[in-house]
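Commentary on secondary and tertiary structure
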Amino acid sequence: MKYVANIDLSNKNNSHTLAYDFVDKVSAGRSLHILEVGCSSGYLGAALREAGHQVFGVEPCHEAAQVAAKVLDNVFEGCVQDFFSENPELKFDVVIFGDVLEHIADPNDVLELTRNYLTTSGVIVASVPNVAHICMRAMLLEGRWDYTDLGIMDRTHLRFFTKKTLINLFTESAYQVSDIVSTTLTPDNFETMFGENLDKDILRLLQLFVKNSESLDFQYVCLATPAENIAEAKVSNEERFGERLEVEQIYGISEAIRTFENKIIDQENKIEALNNLNKELCESVSWRITAPLRNIKSFSKRYVEKWRKMISFIYRFCQSEGGMDRVIRKAFNLYRRDGIKGLFRKFRLFLYHIQAEKFERNDYAEWVRRFDSIDKDARDSISSRINMMQEPPLISVVMPTYNPKPQWLKDAIESVQKQLYPHWELCIADDASTDPEVRSLLEKFALDDVRIKVVFRNENGHISAASNSALELATGDWIALMDHDDLLPEHALYYVADTIIRNPDAGVIYSDEDKVDEAGNRFSPHFKSDWNPELFFSQNYVSHLGVYKHTILKNIGGFRTGLEGSQDYDLLLRCLPYLNDEQIIHIPRVLYHWRVAEGSTALCSGEKSYTTEAGIKALRDYFVSQSKTVTVESGVVPNTYRVNYSVPYPEPLVSLIIPTRDCRDITETCVRSILTKSSYVNFEILILDNGSVESDTLDFFESIQKEDARVKVIRYDYPFNYSAINNFGVKHSKGEIIGLVNNDIEVISPEWLSEMVSHAIRPEIGCVGAKLYYSNDTLQHAGVILGVGGVAGHSHKYYEKSEVGYFSRLLLSQAVSAVTAACLLVRREVFEQVGGLDEVNLKVAFNDVDFCLKVREAGYRNVWATYAELYHHESISRGAEDTPEKIKRFNFETQFMKNKWGALLKNDPYYNPNLTIDHEDFSLAWSPRIL
């Protein structure tokens, strides 16, 4: 396949490295949302993902798209115009056109279209070959115009660029070119490059061309930002790259060099004079007398250097945390929660990081070295525990094969043979591979190891049929699914067996996973939620390593044909009727390495029409089998889904309870946005007035009740107690469904209430939360993670609206431990069952978290509904927690939560223990919270 490569980032004479450097410069330590147009096999995007960015790819070549999908977050197969039309809501911080614009008939149209999909600070990085390179000049002088498969004269090029015409292209598309760099291709001698018979006159002309620096530029890489209009772009680009300015700059540089040379001569003369003076001084009596003063100076200099390093580290730390404002906000929140002692405790930890001179939360290679590497002591311990197992289960590893790369197949099989747990069998069904080496390799393994069973199918039936053939060989009580080019770490089956023994009623077991490249480097770990039905119905997050009770697979008849691409997803969906939630067990360890290289059987996430449609069919069939009235459609990104639950007719009455005190502007915005923007109409709004005195506010209360009979104002003349106010409001409400709503909420999506009600009426669901944004379009709430910051924090807080989150979780409805009461729906019967909000111990903070945990404890699942979008202009009306009384109350409520819920706060089942609880960004935990 064309353009399969890896990036050597140490090679700066490479367009991909220069593009990578531009992205690195733009990111300033932040995680970016990147679109790579013409991603080919994904080698640039893979390097950017390793740097912590989220990378989407667009690639028209089917073969390349398949490879890229294994290393990028998502890949769309087709042209960029189609990608944009199918994903109108996506925004990107960086769009990369790596050697793409020369292939497009009208690149202006594409660039103008792209500006609509950039964030407010978004940029374009583009590279093109330079048609004015000396090679091209030589060909033209010789009367040749040869198209080739690669290079400047690639036969698929529709446009040709020089540095000037590239800048003109961006100017005409209303972009400012912030920077432009180049790679060079310099011949050692012209005869070698152009042949021994090159005309001497042509050779002399070429030697003259070399004096023009652009003749040796092989590719240009530029960084461009949108301008207001073409006129602004033209002025900016002419100032930066106009010929007049370039001449002036060259002249200025020459003058500066001459001035600098003169200064160097002067300095050398002065240094010589000072050396002579110093020699005389060191031999004097006064020099010896003043020695103590010089020691003080030396001591001070060392500490100045330490402070310089500290300042440098603080700057880099602030950049990595999203800027000084965000750091200050976090520090203030820490002060509010833990007081001055807690702040100093955190500061001492911060100083430790400075002394260590390292701060990289997502260095997965280092994390693996520290927390996921098996040494001799660990092997001995595992072997000892295996020997103590009284009835070790036999695990049948099922592996369908079809034309894998022989070396990768060998590696996959050997990774099973190297398992510390010996009680396994490997059942392989070859699906009529055409490569004879595959058959000979399988026959040799089967001959050498009796635990390896192989069947050779006579005709190719695809992965489902081949997997069923492998299943027929299995005799174990448990079936582990494995692709023919992936790897199991040596301890994988031990942890599976240990889990089986500890959970005798288990029916399905799954683990965390990561990816591994051809060089054996591990990356992109997926640390998963425990069993999460709503997340699973939105995405097959279970995936690898999947292990199934054999009897259940027999009951469902194994794999279904016709659902290739989502056959594993369909398999688990059809197992669910035979299981309860407690029988699906998650092992929070990386027990599967998914190979990401050309030839892997891992399916391409970018083949939207293939795998996504198969997943939709599997979901629809499942819900039909359960007699559930739902509709299923594709999600925002490939291989994700949106399940729409029906709302009964007539619609249940929803009581929206809004506590407030004065602040007419925000309260009116909240109420009117609900009244005018909500497609769901059967609701009542109860405004609970907690002592408003401003006439403007009171006038609004009077007028809004007259305008809309669904609005009612009720006085609550007691001290502020968020729990008590809402409990009071529930008592005065009529709705079957209760909605707790802050007065600083503003509706974005008209279907917000319909979406939340559709979940709230499901009998297994308790609380339902919404997707909330700050006024600046950064994320405020995407569900609550227990343990973050001590008690609880908000998932993905401060992420940009355009970002998809950890493994696309910002785009997927999912079960969570808790949601914020800033916008929360719950059935009245559930609210009353758990006794409402705790108005005695939790008057202000954490009452919603406590309420959700009580609901969960009562046997319901809490759900975050990603399609219910609203603004939350947080804490405008209540003010900051900055008085001694408020701090004391906050500390009491924090301690109350820790005493009541204990270890649960550090073991959120929907948040992996390998992820941090010091931050809200799903970065790695140092150390993991697992035994």
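Residues numbered from 1 in each chain as written. Predicted model: local features only at pLDDT ≥ 70, side-chain atom pairs only at ≥ 80, totals over all residues. Heavy atoms only, no water.

**What about the side chain of glutamate 513?**
Inspection of the secondary structure puts glutamate 513 in strand S12 (residues 508–516). A polar contact is formed between the side chain of glutamate 513 and the backbone nitrogen of histidine 544, at a distance of 3.3 Å. Glutamate 513 has contacts with Ser524, Pro525, His526, Lys528, Val542, Ser543, His544, Val590, Tyr592 and Trp594, leaving out every residue within four places of it along the chain. (Helix = DSSP H or I, 4+ residues; strand = E, 2+ residues; numbered from the N terminus. Polar contact = N/O pair within 3.5 Å; in protein donor to acceptor, adjacent residues only side chain to side chain. Contact = heavy atoms within 4.5 Å.)

**Focus: the pairing of strand S13 (residues 522–526)**
Two faces make up the sheet, and in a regular strand the side chains alternate between them. Most of S13 sits out of view: 4 of its 5 residues are buried. For S12 and S13, the ladder comprises 3 bridges, and the chain directions are antiparallel. Residue pairing across strands places lysine 515 opposite phenylalanine 523, the latter belonging to S13. Taken together, S12 and the strand that follows it, S13, pair antiparallel across an intervening segment of 5 residues, in which glycine 520 is found at a positive phi of about 85 degrees. (Buried < 20%, exposed > 50% of the residue type's maximum accessible area, 1.4 Å probe, protein only. Pairing = 2+ DSSP bridges.)

**Concerning unusual backbone geometry**
The omega torsion of the bond from histidine 544 to leucine 545 falls at -15 degrees, within 30 degrees of zero and hence cis. With respect to the secondary-structure elements, leucine 545 resides in the loop between helix H21 (533–538) and strand S14 (546–549). A cis amide bond links tyrosine 649 to the next residue, proline 650, at an omega of 0 degrees. Its location among the elements puts proline 650 in the loop between strand S17 (641–645) and strand S18 (654–660). Not every positive phi belongs to a glycine, and asparagine 639 is a case in point at roughly 60 degrees. One can find asparagine 639 in the loop between strand S16 (630–634) and S17.

**Some details on the environment of serine 646**
Its location among the elements puts serine 646 in the loop between S17 and S18. Look at serine 646 and you get partly exposed, because its relative accessible area is 38%. Leaving out residues up to four positions away in the same chain, serine 646 has contacts with Thr629 and Ile761. Here threonine 629 takes part through its backbone oxygen, which lies 3.3 Å from a polar atom of the side chain of serine 646.

**Let's talk about the sheet that holds strand S4 (residues 92–98)**
Strands sit in the order S3-S2-S1-S4-S5-S7-S6 across an open sheet of 7 strands; the sheet is mixed. Here the strands that pair on one side only, and so sit at the sheet edges, are strand S3 (74–77) and strand S6 (175–184). For this sheet, the mean inter-axis angle between neighbouring strands, taken without regard to orientation, is 15 degrees. Sheet topology note: the S4/strand S5 (residues 118–129) ladder contains 6 bridges and is parallel. Following the sheet pairing, isoleucine 96 is matched in S5 by valine 125. Sitting on the sheet, helix H1 (residues 15–27) touches strand S1 (33–37), S4, S5, S6 and strand S7 (217–226), and the angle it makes with S7 is about 25 degrees. The strands touched by helix H7 (residues 163–172) are S5, S6 and S7; relative to S6, the strand with the most contacts, the crossing angle is about 155 degrees. (Axes fitted to C-alpha atoms, helices over the stretch in contact; angles between N-to-C directions.)

**Digging into the confidence of the model for the protein**
Taken as a whole, the protein shows an average pLDDT of 84; of its residues, 79% reach a score of 70 or greater. In the predicted structure, residues 243–257 sits below a pLDDT of 50 and forms 3 contacts with residues beyond four places in sequence or in another chain. Throughout residues 352–359 the model reports pLDDT below 50, and contacts reaching past four residues in sequence, or to other chains, amount to 12 contacts. (pLDDT = per-residue confidence, 0-100.)

**Brief notes about the nonpolar core**
Counting residues in hydrophobic clusters, the biggest one holds 46 residues, and the most contacted among them are Leu740, Cys767, Leu824, Val826 and Phe851. It is helix H30 (residues 847–857) that provides the largest number of residues to this core, a total of 5 residues. If sequence neighbours within four positions are ignored, leucine 740 has contacts with Ile657, Tyr722, Asn726, Ala821, Ala822, Cys823, Leu824 and Leu837. (Core = buried A, V, L, I, M, F, W, Y, C linked by side-chain atoms within 4.5 Å.)

**Looking at the packing of aromatic side chains**
Each aromatic ring pair is described using two quantities: the centre-to-centre distance and the angle formed by the ring planes. Under the counting rule described, the total for this entry stands at 30 aromatic pairs. Ring centres of phenylalanine 83 and phenylalanine 92 lie 6.2 Å apart, and the angle between their planes is 40 degrees; on these two criteria the pair is classed as tilted. When sorted by exposure, phenylalanine 83 lands in the same class as phenylalanine 92, which is buried. Centre to centre, the rings of phenylalanine 536 and tyrosine 569 are 4.9 Å apart; their planes meet at 75 degrees, and the pair counts as edge-to-face. (Phe/Tyr/Trp six-rings, centres within 6.5 Å; stacked < 30°, edge-to-face > 60°.)

**A short note on the pattern of salt bridges**
Under the counting rule described, the total for this entry stands at 39 salt bridges. Put simply, lysine 528 and glutamate 513 hold a salt bridge, and the shortest N to O gap is 2.9 Å. Residue lysine 528 is located in the loop between S13 and H21, and its partner glutamate 513 is located in strand S12; the two are separated by 15 residues in the primary sequence. Its relative accessible area of 5% is what places glutamate 513 among the buried residues. Through salt bridges that share partners, Glu534, Asp581, Arg762, Glu764 and Arg861 make up one connected network. (Salt bridge = Lys/Arg side-chain N within 4 Å of Asp/Glu carboxyl O.)

**Here's the deal with the side chain of serine 464**
When you line up the elements, serine 464 lands in helix H19 (residues 462–473). Looking at serine 464, its side chain comes within polar contact range of the side chain of glutamate 564, at 3.4 Å. What serine 464 contacts, discounting residues up to four positions off in sequence, is Phe559, Arg560, Thr561, Glu564 and Gln567.

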